[in-house]
Each structure stands twice: as structure tokens, then as C-alpha cells.
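Here is what each chain is made of, one letter per residue.
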Amino acid sequence: MTLDTTPPWDDVPNYIDGGWSAPSEEGRDVVDPATGETVSTVGFSSSSDVDDAVAAGEAAFEEWRRTPVEERIQPLFRLKALLEDHHDELAEVLVQEHGKTLGEAKGELRRGIENVEVACGIPSMMQAGHLPNAAPDIDETAVRKPLGVFAAVTPFNFPGMIPLWFLPYAVATGNSFILKPSEQDPVVAERLFELLDEAGFPDGVVQLVNGGVDTVNTLLDHDGIEGVSFVGSTPVARTIYERAAASGKRAQAQGGAKNHIVVAESADLEFAARKTISSAFACGGERCLANDVVVVDESVYEEFTDRVVAEAESQVVGYGLDDDTDIGALISPEHEERVREMVATGVDEGAELLLDGRDVAVEAYPDGNFLGPTVFGDVDPEMTIAREEIFGPVLGLLPVSGIDEAIEVLNRSDFGNAASLFTASGADARKARHEADVGNLGVNAGTAAPMAFFHFGGWKDSFFGDLHAQGDDMIRFYTDETVYIERWPDA
Ligand code: NAD
């Protein structure tokens, strides 16, 4: 089997009950952000399309939940092999609808595959507890059970990885699963479902339903859906969590972010500058883990600033499939405009514009949504660029005096997804570990992204819910427990 990597591609279909079908309603174009060319179109699913998927998911669940777990993970082993075989093709598709670089696309798919690998260990992970003689002559055993049909609604920025934060765990635990990918870049999800089809899941266990806001709302309100995972912007995450809860569903909703790097006096400045640039600008800054506020001890502020600006200047902006590109295109002209407005706001509010990426030109791609690396100095914690998510290649440097003030600045944020600390001091690191209000903390690591066997999620306005994505939390999200209390008196 070969995946089609050359656009234009046919309209993106749904995958319902083991077959491909067109969504009932008109949707939108899918556009290559670097060339401005339409690479496909995606229709939007009506409530009746969603009904069909939920009905197929419910029917499949009755068999699938009874299928021995060892059999349930066999299609996941096949999926892992298929994802390896088609890794490069998937990455190529991803670049052409998202705009990031080929290396970044391969990296995100690698992180997705990791989740498939972890979910293949469900026979161990799904075991709960057993205690003999919990009370006189009584043994107690907790048993985890799947619940039914789950859905996930995912964002544009990691279209290959984020669906895999959920799907492998949902189906390995015995549930059926519906994905509603971002309508901005849905083709890679379609390719993923071509591989899922090949992997041999029973009809209705894994399904793809394309659409926009109305499709999401139908899923959220549907009685046949047990729970919803969401990843996207904070305002939407908040409403998804509320709306899912209103109809009695389980929900986990990951939102936006504003992440900080702390550079302590003792840090290796050359290393920290390199890691800062890759953390802030990788994927064009369109990452929920992008650290774009850099809190620098004033004793090293000038030297660090010079190093960061020099690193930033060396970044090549261009087409994601070109080998020398460091920073690809932003997802849409509207988003590019929003990032440009944030840069203008930074200037208006008095930050020092040390490197201005607004005039970047990528000659071969005049219609692309490009913005060059942009660096602000002397940022104040109250400025908009220090408080709000930018989601573009823009970073701000903020001088502080000592580790206490640095942690105070990062804890003042409304968000709590991640932070990274660069230091040679164990005492600084320990302080940050105990006091930083974030879900993921890197020490001398630019991007605090946990491997799939650890859960992933933020704090504060970066997350609504309790059980996070990936790892053990997913097992608990996708199952409920019955505790058996048994007494067998002698005859
Ligand atoms: P988005 O919120 O616009 O869209 C995400 C999904 O929600 C899409 O599938 C979209 O169709 C749907 N959607 C959009 N508006 C909706 C509405 N009003 N009602 C119901 N559904 C709606 O997010 P995006 O622009 O695709 O993604 C970028 C955002 O995602 C950033 O804020 C980023 O920080 C966040 N993100 C967070 C994490 C995390 O783990 N916390 C990971 C990746 C991305």
C-alpha cells in the first residue's frame, strides 16, 4: 500500500462503520500554508452523519468489549508497523497541509507512534487491584471496564500526533472511538485512517468524522457518547468541558498556553540560547509547549540577549519540504495577521524590538503565510506579549533579579502548561520543582514534553478536567472500576 503524498487530493471523506463516505454538508478548502494552493476540500458532518457513527460505535462496542485484550491489541501492533512503514509519506502530507518542516513532521509522528507502543501494554496497564482478606473472610478485587463510545476533537498544530494521544488507549481498553480532526489540516488524519483500516479493527471500533463547530456540538450533546477528549484553544476548551459535563459526559480539555524559560545566573548561556530558539520557534511557534517568555537573570541578561538574537538571525524561513528550512509557514493568513498584530502590540506597549521578522520574504513562495523570527527585549510581565498566547515565531526577554522573582513571574501567568529552567544549581532546580505551577517542567531541557508513558497536561487555564492525555491517566479516563467484595463461607 502506498499513501498518496502528491496534492491536489480528493475531498476528505469520513470513515464510518468500516467504510468511506462523504460528509453531508459543505465544508471548506484545505490550503497549503506555504504555497497558498488548495490541496483538498473537507466536507462537514451533519447530525445524521454523527448519529450513524455513534450507532456504529455502539454496535461495535458490544463485541469489542468482550474481545480478549490480547486480541484487541493485535491491530495496534499492526498499526505500529504500518506507521513505521509509512512514516515518511505521512510526514510529507503533513507538511503540505500544515506548513511545518519535514523534520518537525517526522518528529511529531514519532511521538504519536510512541503512544501506540505504550497502548500495546494495556494487558498490564489495565489491571487494577486485588487484596485477599481485606476484611474477615473477604477478598476485594477492582476490575476496570470499558464504557462505550468516546470522541476526541483535535487542533491543527499536531494533526498527526494528537489523535494518537487518545485513539490507541481508547480502543485497547475496549471502547470504540470517533475522531473529529481540525478542519484546517484533516488530510493526515485521513491517511492515518487508511492505515487503521489496513490494521484490521472491526467495523465501527475506530471512526473518522470531519466537521467544524456544529459537528463538535452534536458530538458533545449526543447521548450515545460516554466521554470527550479535547485539545485546542482555552476559550473553546472551557466551553467544551462545560458542555460535555452538562450532558453527563467524562471530559478532559487541554487548552492554550504561555510558557516560560528561566535562565539563571549559573546557566550555560550558549546551550540555553540554542535551546531557547528551538523551543520558541520550532513549528513556527505554533506549539502549546513553545516557551516564548524568557525570564533572564539580570546579571547575564545582556550576554544572553546577544546570543539569542544571533541564534534567531541564523534561522532560515521557508517551505517545509526544503532541506534548509528552520521555520515553516503559519497555518493561515488570518493567523499570520493575528501574530503580526501581537508584534505591533508589543511595540506599542513599549517592549524593545530587537529583531523584527515582519519583513521576511520567501521569494519562491510569495503566497505563503511567512513571518520571520522576532525577538523583543525589556518585556514587562504585564505586557500583552508576556501574558497572551502568540502562537508564532515571536519571543520576549524579560530581566529579573534571582530565581525567586523568576518563579514569581512565571506563576503569575493564567496558564500553566510548561516551563524550562536553565541552571547549574541544584538548589534552583529544586526550588522550581517545588514552586513552579506548571504541568511540565524542564531542567536544562528546552521543551518539556513528556514521553508517552507519562501523562501530559497543564494546569490553570491550560487544562480543564483531572485525567490528562497519554499514559496511565488515559486508562483511567477510558475505564471505570467495579470493586468485587467476595465472601465464600465454608459449606
Ligand atoms: P481551536 O480551539 O480553534 O480548535 C480545536 C478544535 O476545536 C478543532 O477541531 C475545531 O474544529 C474545534 N472548534 C473550534 N472552535 C470551536 C467551538 N467554538 N466549538 C466547538 N469546537 C470548536 O484550536 P486550534 O487553533 O486548532 O489549535 C491551537 C490551540 O490549541 C492553541 O491554543 C494551542 O495552545 C492549543 N493546544 C494545546 C495543547 C495542549 O496540550 N494543551 C496541545 C496542542 C494545541
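Rules behind the numbers
Sequence order as written defines the numbering, with residues in each chain counted from 1. For a predicted model such as this one, the threshold for reporting local features is a pLDDT of at least 70, and the threshold for listing and counting side-chain atom pairs is 80 or more; totals across whole chains, interfaces and linings nevertheless cover every residue. Nearness is defined per residue: the C-beta atom, placed using the backbone, must lie within 6 Å of the molecule or strand. For this classification, the nonpolar set comprises Ala, Val, Leu, Ile, Met, Phe, Trp, Tyr, Cys and Pro, the charged set comprises Asp, Glu, Lys and Arg, and every other residue, Gly included, is treated as polar. Per the annotation, domain bounds derive from an automatic or database assignment of domains. With C-beta atoms placed from the backbone, a residue counts as buried when 20 or more other C-beta atoms lie within 10 Å of its own, as exposed when 12 or fewer do, and as partly exposed for counts between those limits. Note on conventions: DSSP H or I runs of at least 4 residues are helices, E runs of at least 2 residues are strands, and numbering of each starts at the N terminus. One bridge is not enough; two strands pair if DSSP finds at least two bridges between them. Look down the strands so they point away from you; if going from the first strand over the helix to the second traces a clockwise path, that crossover is right-handed. Under this scheme, a helix contributes an axis fitted over its contacting stretch, all axes are lines through C-alpha atoms, and angles between N-to-C directions fall in the 0 to 180 degree range. Here, residues touch in the contact sense if the C-beta positions derived from the backbone fall within 7 Å of one another. Throughout this description, any angle smaller than 35 degrees is read as roughly parallel, any larger than 145 degrees as roughly antiparallel, any in the 65 to 115 degree range as roughly perpendicular, and the remainder as oblique. Note on convention: near helix rotated counterclockwise from far helix by under a right angle means a left-handed crossing. Clockwise means right-handed. UniProt positions are given in the numbering used here, feature names are shortened, and annotations may be inferred rather than shown by experiment. Here a helix's expected span is defined as the number of its residues, less one, multiplied by 1.5 Å.

- Taking an unreviewed UniProt entry as the reference, the protein chain is identified by name as methylmalonate-semialdehyde dehydrogenase (CoA acylating) belonging to Halococcus hamelinensis 100A6.

## Some details on the site of the ligand
Here's step 1: The immediate surroundings of the ligand are formed by 26 residues, with Pro155, Gly232, Gln254, Gly256 and Cys288 found nearest.
Here's step 2: Looking at the shell around the ligand residue by residue, the classes come out as eleven nonpolar, twelve polar and three charged.
Here's step 3: Of the domains in this structure, domain 1 (14-255 + 462-483) and domain 2 (259-443) are the two that each give at least three residues to the shell around the ligand.

## Structural notes on the pairing of strand E12 (residues 259-263)
Here's step 1: Counting buried positions over the five residues of E12 gives five, a clear majority of the element.
Here's step 2: What you see with E12 is no split at all: Asn259, Ile261 and Val263 on one side and His260 and Val262 on the other are buried throughout.
Here's step 3: Bridge count for E12 against strand E13 (residues 291-297) is five bridges, and the pairing is parallel. If you follow isoleucine 261 over to E13, its bridge partner there is valine 294.
Here's step 4: Crossover handedness for the path E12 to helix H11 (residues 269-281) to E13: right-handed.

## Some remarks on the sheet that holds strand E18 (residues 418-422)
Here's step 1: With mixed pairing, the seven strands of this open sheet are ordered in space as E14-E15-E16-E13-E12-E18-E19. Each edge of the open sheet carries a strand with a single partner, namely strand E14 (352-355) and strand E19 (440-443). Pairs of neighbouring strands in the sheet enclose a mean axial angle of 20°, with direction left out of account.
Here's step 2: Across the sheet, H11 is in contact with E12, E13, strand E16 (394-400) and E18; its angle to E13 comes to roughly 155°.
Here's step 3: Sheet contacts for helix H15 (residues 402-411): E12, E13, E16 and E18; angle to E16, the most-contacted strand, approximately 140°.

## Side note on the domain arrangement of the protein chain
Here's step 1: The domain boundaries assigned to the protein chain delineate domain 1 (14-255 + 462-483) and domain 2 (259-443).
Here's step 2: Broken down by secondary-structure element, the contributors of at least two residues to the side of domain 1 that touches domain 2 are helix H4 (87-98) and helix H5 (102-119).
Here's step 3: Grouping the constituent residues of the side of domain 1 that touches domain 2 by class yields six nonpolar, eight polar and two charged.

## Description of the packing of H4 against H5
Here's step 1: Between H4 and H5, whose axes approach to 8 Å, the crossing angle comes to 120°. Compared by their axis directions, H4 and H5 come out oblique. Between H4 and H5 lies a crossing whose hand is right-handed. Here H4 contributes His87, Leu90, Ala91, Leu94 and Val95 to the contact with H5, which in turn contributes Leu102, Ala105, Lys106 and Leu109.

## Focus: the pairing of strand E6 (residues 138-146)
Here's step 1: As judged from the three bridges shared by strand E5 (residues 130-135) and E6, these two strands associate in the antiparallel manner. What sits directly across from leucine 131, in E6, is glutamate 140.
Here's step 2: In this antiparallel pair of consecutive strands, E5 and E6, the connection spans two residues, and aspartate 137 shows a positive phi of 60°.
Here's step 3: In terms of strand pairing, E6 meets strand E22 (residues 479-487) through nine bridges, oriented antiparallel. Note on E22: the bridge partner recorded for proline 146 is threonine 479.

## Re the UniProt feature "domain: Aldehyde dehydrogenase" (unreviewed entry) in the protein chain
Here's step 1: Taking the numbering used here, the UniProt-annotated feature "domain: Aldehyde dehydrogenase" (unreviewed entry) corresponds to residues 22-480.
Here's step 2: The span residues 22-480 carries 41% helix and 21% strand; its end-to-end C-alpha distance comes to 35 Å.

## What to know about the environment of isoleucine 73
Here's step 1: Mapped onto the fold, isoleucine 73 is located in the loop between helix H2 (69-72) and helix H3 (74-85).
Here's step 2: Sequence separation of isoleucine 73 and cysteine 120 is 47 residues, and the distance between their C-alpha atoms is 5.6 Å.
Here's step 3: With sequence-adjacent residues up to four places away left out, isoleucine 73 is seen in contact with Cys120, Ile122 and Ala172.

## Details of helix H1 (residues 47-64)
Here's step 1: In a regular helix each residue adds 1.5 Å, so 18 residues correspond to 26 Å; H1 covers 25 Å between its end C-alpha atoms and thus fits that length.
Here's step 2: Residues of H1 that are buried include every one of Asp49, Val50, Asp52, Ala53, Val54, Ala56, Gly57, Ala60, Phe61 and Trp64, and no others.
Here's step 3: Contacts from the buried residues of H1 go to strand E1 (14-16), strand E7 (149-153), strand E8 (176-180), strand E9 (206-208), helix H9 (213-221) and strand E10 (225-231).

## Regarding unusual backbone geometry
Here's step 1: Across the junction of proline 7 and proline 8, the peptide omega takes the value 5°, indicating a cis bond.
Here's step 2: Structurally, proline 8 is set in the segment before E1.
Here's step 3: Notably, cysteine 283 is not glycine yet its phi reads approximately 55°, a positive angle.
Here's step 4: As for its position among the elements, cysteine 283 is in the loop between H11 and E13.

## Focus on the sheet that holds E22
Here's step 1: Spatially, the three strands line up as an open sheet ordered E5-E6-E22, and their pairing is antiparallel. Looking at strand neighbours, the two that pair on one side only are E5 and E22, the edges of this open sheet. For this sheet the average axis-to-axis angle between neighbouring strands, irrespective of direction, equals 30°.

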